[in-house]
Every structure is written in C-alpha cells, then in structure tokens.
Amino acid sequence: MSKQKSSLKKRDSEAIWHPLTQHKTHKYSLPLSKAKGALLYDEKGNSYIDAICSWYTAMYGHCNDKLVKTISKQAQELDQVIFSGFTHKPAIDFAEKLLNILPEGFSKVFYNDNGSTATEIGIKMALQYHYNKGAERNTILAFEEGFHGDTFGAMSASGLSVYNGPFEEHFIKVVRIPKPNGENNAEVLSQLKQLCNDKKIAGFIYEPLIQGAAGMKIYDKSGLNDLLTFCKSKNIICIADEVMTGFGKTGTCFASEQIKEKPDIICLSKALTAGMLPMGATVCQSFIYEAFYDKAISKGLFHAHTYSGNPLACAVALEAINLYQSSEIQQNIQHVIQAHRHFMAEIHNHPKLKDIRQLGVILALDLNIEMERYGNMRDKIYAFFMERGIYLRPLGQTVYIVPPYIISREELSQIYRAFREMLNEF
Ligand SMILES: Cc1ncc(COP(=O)(O)O)c(C=O)c1O
C-alpha cells in the first residue's frame, strides 16, 4: 500500500463520519482519485466499473466532457444566488424543458437539493393541499418496503425498518399497503378501500414499477394503475417518487409513462444532474399549485433550501436532458437492455438463482441463500466484485446493477462474467 493511500485512508477515518456506515466494523473507506466514463480509479490506478452509477446518478458516464464544460461556463457567469425574489435563465430554461418532457399536465417545478427533499416536499404539498382547502386529511399512504429518503417525512413513508428503527415514534402518520403482484391486486385494492374509510388519507407516495432500496423489486403495473385510479377518485394526491427511476432507467424517460394513470406530483433527483451536482425537483400539476395561490401568505408553500435553483445545477441538468435525448444515448440504452435480455435468457435456470429480473437498464438477481442485508456474506460478495474490478452494492441476497448508458460491450461482459463466477462460487 502506498504511503499516500494509507495516509488518506487514515486521515479520512480520523475526520469523517460516512453515510450508511458502521465505523466500528468498517474502519476504512477506499480513496478514489479520478473517474471517467464507466470507470472509477483508486490511487494505485486500479479501475472499477461503476455498475450502479454512484447511486443511479452518473448515467452518461463520469466526468462527461459536455457536462464539465457546461458547469465551467456557467460558473463563470452566475454562481449561487438566492432563489426567493431572484430568478435566472438556467432555472427557467431547465424548468421549461422538464415540463416539456414530463407527462402532460405538469405545470410547476419546485427546486430543492436532493432525493429526500424532493419527496419530503411532495408529501408536504399533499398535506398542505388539503389543509389549504379546509379538509382534514392527516395521513400518508405508502407501500410496504418503499424507500423515499432520510428526512422525517420521507423516512416515515419508507417501510424499511433497518434505516428507521430509532425514529419510529417521531414519524408522521402513515398507513401501508402491500405492493400489487398480479395475484393480490383485488385484495390490495380492497385493503385500500377499507383504509380510506378509516383514515383521512391526504396523499399516496409510491416508487412507480420498481422499489429500489427494497432490492429492485418489480411489481404489477396494472395493480398500481387501479390503486391510482381509486386514489384519484377520492382526491388522494398521487406522488410518484421517481428519484431512482427518472431519466431513462426503466426504459422510458419516466417510469410513470408506462402507467396509464399519471401522478399529481413527481419527485426527481439523482440522474437529474447526471451525477455532477446535487439537486432535486418536485413538480406538480396546476390544480396543486392553485390550492397554494392566494392573497394569504400562509397558504403559500413556505419551504426553502439555500441552494434551491442553483444556476450550475440547473445548467447541467438541462445539458443532461439534451444528452438523454440524443440518438447516441437512446441507442446506448437499447444496447444495454438487449444485452441484459440475452444474459437473463442464458442464466435464468441456474440452480443458485432464486430470481432474476430486469426493467430497462436495471438488472437484479436474488441468490438462493439466506443473508442479512448488511451481514458478512454481503461483504464477501461486495469484495468478490471489487477484486474483479466491479463496484456494486449488494442488498442482502440481491445483487443488482444500474450501469451507465455509455458502458461498453466489454465492460458489460466483464460484469456478466463476474455474475456467472459468483453463482458458481457462493
Ligand atoms: C426512490 C428514492 N427516493 C428517495 C431517495 C433519497 O434520495 P437522496 O439520497 O438523494 O436523499 C432515494 C435514494 O436512494 C431513492 O432511491
């Protein structure tokens, strides 16, 4: 180990508290020195394919030249400015572009900082929508096992207790239903109808088509559609959390495009800025905005983040959409989808596989072994891939990838090869 590397590791361990990390059992983090395209490099020059795009952000590859240029140009013109009372062209250009590519009916973009704030604001919009209308609605509906972020509203709506245990008594009111799986659709709908009689439900937050943190669990589209139709008939505000799915990962720009019933609010982050800068956006239909539009200040949405509408983030988000719409990226996406299909067809009967599934560029497989979400075996699988130059984060028995659209055929083959080896080894 080089002196420089050990010193960075040591300095890190002395000064930094990392997210989702138990430092007693995970003392050191690996210092990275650069990234380009699909690859991350450590200080020794070892490369790792970023098979989950650094938590689903850098979909067009790391340090993409166009995006770097855009940020650099914007930084020389207008940097951070307050977004209450001021506005600027990058924020307006991006909002117009986003509204243009979202399903019909979305009319206002509320800028924020990250995925949790995007969903937190979606929840607040739903609650205050009813409050402003004088309706007594105090409960949020969510799916079991959903994940919506780490702020209190988002945490309350999330159903993964591994993250939320210590805070549960402080949560906002949430009721949960199972995901529809095609067989239980009628049952889930009748559960929802019952809950609607008993509880004052203001909004329904859901990850459309696939629950990411739950282990890339794909669920039934038509069952979801029925739930949304029912919610809309009861004036329950439907909030699509597309923080993970947004910008092409499920095969369409937004997962909600694949569902007939559209959301009233959509929450975006992650690939929004292509992994270059932190930003979130909560976008709503005009009837939501109108419920806040009033002479009374108190009816407004009094929520702000210092970096809301940051010009650099808006400029890079606009360029990211241009990239997404380019024929080159669209072809790349199709290539990844086809490659996944071939791999799945080849491997789906493997005896060590409990399940393998795909949605767009997302590929997930469940190993036929009982495992803890963050246990020893999980760490072994993580190390197994790192030794083979692949970075991914297994979630218990689920190993999944969300590769960058620009990943090369060779890099994808390297990942598939490692999957096969893993199935033989574990
Ligand atoms: C569906 C979903 N919603 C919200 C979040 C929270 O986003 P952030 O980590 O940017 O706060 C995540 C993060 O993984 C997510 O997958």
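For the structure itself, look to the data block above.
This is a predicted model, so every value here is computed, not measured. (Residues numbered from 1 in each chain as written. Predicted model: local features only at pLDDT ≥ 70, side-chain atom pairs only at ≥ 80, totals over all residues. Heavy atoms only, no water.)

Student: What's the story with the sheet that holds strand E13 (residues 353-359) in this structure? I'm lost.
Tutor: Picture the strands of a sheet paired through backbone hydrogen bonds; they go either parallel or antiparallel. Here we have three strands laid out as an open sheet, ordered E13-E14-E16, and antiparallel in their pairing. Since the sheet does not close on itself, it has two edges, and those belong to E13 and strand E16 (398-401), each with one partner. Geometrically, the sheet is characterised by an average inter-axis angle of 10° between neighbouring strands, direction not taken into account. As paired elements, strand E14 (residues 362-367) and E16 share four bridges and run antiparallel to each other. When the sheet's bridge partners are listed, Ala-364 is paired in E16 with Tyr-400. Packing against the sheet, helix H12 (residues 327-347) makes contact with E13, E14 and E16, and its axis sits at approximately 160° to E13. (Pairing = 2+ DSSP bridges. Helix = DSSP H or I, 4+ residues; strand = E, 2+ residues; numbered from the N terminus. Axes fitted to C-alpha atoms, helices over the stretch in contact; angles between N-to-C directions. Contact = heavy atoms within 4.5 Å.)

Student: Mind showing me how you'd approach the nonpolar core here?
Tutor: It is characteristic of soluble globular proteins that their nonpolar side chains tend to be buried jointly. Core analysis: the biggest nonpolar cluster contains 111 residues, and Tyr-60, Leu-98, Phe-204, Phe-247, Phe-385, Phe-419 and Met-422 have the highest contact counts within it. Ignoring any residue separated from it by four or fewer positions in sequence, one finds Leu-98 in contact with Val-109, Phe-247, Phe-254, Leu-268, Val-283 and Ile-321. Tyr-129, Ile-140, Ala-157 and Leu-301 belong to the second-largest nonpolar core, a separate cluster that totals 20 residues. (Core = buried A, V, L, I, M, F, W, Y, C linked by side-chain atoms within 4.5 Å. Buried < 20%, exposed > 50% of the residue type's maximum accessible area, 1.4 Å probe, protein only.)

Student: Explain the sheet that holds strand E1 (residues 32-36) to me, please; I cannot follow it from the model alone.
Tutor: The sheet built from four strands is open, its strands ordered E1-E2-E3-E15 with mixed pairing. Each end of this open sheet is capped by a strand with a single partner; those strands are E1 and strand E15 (390-391). As paired strands, E1 and strand E2 (residues 39-42) are joined by four bridges and run antiparallel to one another. Bridge pairing in E2 places Leu-32 opposite Asp-42.

Student: I keep staring at the pairing of strand E12 (residues 280-285) and nothing clicks. Help me out?
Tutor: Moving residue by residue along a regular strand, the side chains alternate between the two faces of the sheet. Most of E12 is tucked away: six of the six residues are buried. Here strand E4 (residues 106-112) pairs with E12 via six bridges, running antiparallel. Bridging across to E12, Lys-108 finds its partner in Cys-284. Pairing of strand E11 (residues 265-268) with E12 involves four bridges; the strand directions are antiparallel. Bridging from a neighbouring strand, Ile-266 pairs with Val-283 of E12.

Student: Explanation requested: the packing of aromatic side chains in the structure shown.
Tutor: Under the counting rule described, the total for this entry stands at 17 aromatic pairs. Ring centres of Phe-143 and Tyr-219 lie 5.2 Å apart, and the angle between their planes is 70°; on these two criteria the pair is classed as edge-to-face. Pair noted here: Phe-143 is in strand E5 (residues 139-143) and Tyr-219 is in the loop between strand E9 (217-218) and helix H9 (221-233), with a separation of 76 residues, a long-range link. When sorted by exposure, Phe-143 lands in the same class as Tyr-219, which is buried. Arranged with centres 5.4 Å apart and planes meeting at 80°, the rings of Phe-384 and Phe-426 form a pair that is edge-to-face. Here Phe-384 is found in helix H13 (residues 376-387), whereas its partner Phe-426 is found in the segment after helix H14 (409-425), with 42 residues between them in sequence. Like Phe-426, Phe-384 is buried. Connected via pairs of aromatic rings, a cluster forms that spans Phe-343, Phe-384, Phe-385, Tyr-416, Phe-419 and Phe-426. Over the face of the ring belonging to Tyr-41 we find Lys-34, whose NZ or CZ atom lies 4.9 Å from the ring centre. (Phe/Tyr/Trp six-rings, centres within 6.5 Å; stacked < 30°, edge-to-face > 60°. Lys NZ or Arg CZ within 6 Å of the ring centre and 35° of its normal.)

Student: Looking at this model, I keep getting lost on the site of the ligand. Mind explaining?
Tutor: In the vicinity of the ligand, the contacting residues are Asn-114, Gly-115, Ser-116, Phe-147, His-148, Gly-149, Glu-207, Asp-241, Val-243, Met-244 and Lys-270. One of the side-chain N or O atoms of Asn-114 is found 3.4 Å from an oxygen atom in the ligand. Note that an oxygen atom of the ligand is positioned 2.5 Å from one of the side-chain N or O atoms of Ser-116. Burial of the ligand by the surrounding chains reaches 81%, relative to a free accessible area of 390 Å². Split by residue class, the shell around the ligand holds three nonpolar, five polar and three charged. (Near = heavy atom within 4 Å. Polar contact = N/O pair within 3.5 Å; in protein donor to acceptor, adjacent residues only side chain to side chain. Areas by Shrake-Rupley, 256 points an atom, 1.4 Å probe, with all protein chains shown as cover. Nonpolar A, V, L, I, M, F, W, Y, C, P; charged D, E, K, R; others polar.)

Student: Looking at this structure, I do not really get the pattern of salt bridges. What am I missing?
Tutor: Pairing between side chains of opposite charge can happen when the charged atoms of each approach one another. With the rule as written, the count across this model stands at 14 salt bridges. Between Asp-379 and Arg-378 there is a salt bridge, with its nearest N and O atoms 3.2 Å apart. On the basis of relative accessibility, which here comes to 38%, the residue Asp-379 falls in the partly exposed class. Classification of Arg-378 by relative accessible area gives buried; the value is 8%. Across the pair Arg-388 and Glu-421 runs a salt bridge, and its minimum N-O distance is 2.8 Å. Taken together, the residues span a long stretch of sequence, with Arg-388 in the loop between H13 and E15 and Glu-421 in helix H14 at a distance of 33 residues. Put simply, Glu-145, Lys-179 and Lys-217 are held in one network by salt bridges that share partners. (Salt bridge = Lys/Arg side-chain N within 4 Å of Asp/Glu carboxyl O.)

Student: Sorry, what's going on with the packing of helix H8 (residues 185-198) against H9 here?
Tutor: The packing of two helices is summarised by the inter-axis angle and the distance between the axes. Taken N-terminus to C-terminus, the directions of H8 and H9 make an angle of 20°; their axes are 10 Å apart at the nearest point. By the criterion of interaxial angle, the relationship of H8 to H9 is roughly parallel. Crossing handedness for the pair H8 and H9: right-handed. Taking contact as the criterion, the partners of Asn-185, Val-188, Leu-189, Leu-192, Lys-193 and Cys-196 in H8 are, on H9, Ser-222, Gly-223, Asp-226, Leu-227, Phe-230 and Cys-231. Within the contact of H8 with H9, the residues separate by chemical class into seven nonpolar, three polar and two charged. (Parallel < 35°, antiparallel > 145°, perpendicular 65-115°, else oblique. Left-handed = near helix turned anticlockwise from the far one by under 90°.)

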